[in-house]
Amino acid sequence: MAGKSKKGHGRTAEYTRTTTETDIQVALNLDGKGSYFLDTGVPFLDHMLALWSKHGLFDLDITAQGDTGIDDHHTVEDIGICLGRAFAEALGDKVGIRRYGTALVPMDEALAMAVVDLSGRGFLVFDAQLPCQKVGDFDTELVEEFLRAFAVNAELTLHVKQMAGKNTHHIIEAIFKALGRALNEASAIDENISGVLSTKGSL
């Protein structure tokens, strides 16, 4: 198992990870315009990450090959790991960031909230009831697995709460849009912040 980061110019990062189960390359720009190229072998995840990128205004490229012939679990979780590590790399020393972000996003009858603290402590609280076990071929229990892998490896605290919704696709879509918007707010630079937003002096 191997993982490798490459720090780019500005708030960008590249991360690659190869195991016996997956081979993943991620490139991320936190100060982008929401452009993306996604080829993960898991079409529903591609759709959700496209929403995350567009609504978070992050430029994102991900290519992945995984043992999806078994199921999508390893690929989805490992992409969460890689995206999380790329996000942490791109944030750098966190000087001047707002640190906290909150977004409440509707998708038709569904409503989801994401609250983020770029605290340096990886933690997930997932409070959503997904009515269907599958959306197409995608196992919906993997949404929580992806979010946990992302939050832990990005070293951030993430609370996700479903406020309303009956359609599973709509609920998950609202979650990913809300996460993108909350992360955009939390990672934004505020010129009024001197150093990092913590009385400890570090995040």
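Below: a short report on this structure. (Residues numbered from 1 in each chain as written. Predicted model: local features only at pLDDT ≥ 70, side-chain atom pairs only at ≥ 80, totals over all residues. Heavy atoms only, no water.)

## Let's talk about the side chain of threonine 19
Link 1 in the chain: Relative to the assigned elements, threonine 19 resides in the loop between strand 2 (12–18) and strand 3 (22–29).
Link 2 in the chain: Within polar-contact distance, the side chain of threonine 19 engages the backbone nitrogen of glutamate 21 at 2.9 Å. (Helix = DSSP H or I, 4+ residues; strand = E, 2+ residues; numbered from the N terminus. Polar contact = N/O pair within 3.5 Å; in protein donor to acceptor, adjacent residues only side chain to side chain.)

## Focus: the packing of helix 2 (residues 73–91) against helix 3 (residues 142–154)
Link 1 in the chain: Helix 3 packs onto helix 2 with a crossing angle of 30° between their chain directions and a minimal axis gap of 7 Å. By the angle between their axes, helix 2 is roughly parallel relative to helix 3. Here helix 2 runs over helix 3; the crossing is right-handed. In contact with His73, Val76, Glu77, Ile79, Gly80, Ile81, Leu83, Gly84, Arg85, Phe87 and Ala88 of helix 2, helix 3 contributes Leu142, Glu145, Phe146, Ala149, Phe150, Asn153 and Ala154.
Link 2 in the chain: A class-by-class count of the residues in the contact of helix 2 with helix 3 yields 11 nonpolar, 4 polar and 3 charged. (Axes fitted to C-alpha atoms, helices over the stretch in contact; angles between N-to-C directions. Parallel < 35°, antiparallel > 145°, perpendicular 65-115°, else oblique. Left-handed = near helix turned anticlockwise from the far one by under 90°. Contact = heavy atoms within 4.5 Å. Nonpolar A, V, L, I, M, F, W, Y, C, P; charged D, E, K, R; others polar.)

## Quick look at the pairing of strand 11 (residues 157–164)
Link 1 in the chain: When strand 7 (residues 110–117) meets strand 11, the two strands line up antiparallel, connected through 7 bridges. Pairing of leucine 111 across the sheet is with alanine 164, part of strand 11.
Link 2 in the chain: When strand 8 (residues 123–127) meets strand 11, the two strands line up parallel, connected through 5 bridges. By the bridge assignment, phenylalanine 126 is partnered in strand 11 with valine 160. (Pairing = 2+ DSSP bridges.)

## Topic: the sheet that holds strand 11
Link 1 in the chain: A sheet is described by the order of its strands in space; here 4 strands give the open sequence 6-7-11-8, paired in mixed fashion. Each edge of the open sheet carries a strand with a single partner, namely strand 6 (100–107) and strand 8. Sheet twist, expressed as the mean angle between neighbouring strand axes with direction ignored, is 10°.
Link 2 in the chain: Along the sheet face, helix 3 touches strand 8 and strand 11 and points at about 155° away from the line of strand 8.
Link 3 in the chain: Contacts between helix 4 (residues 168–187) and the sheet are confined to strand 6, strand 7, strand 8 and strand 11, with strand 6 contributing the most and set at about 150° to the helix.

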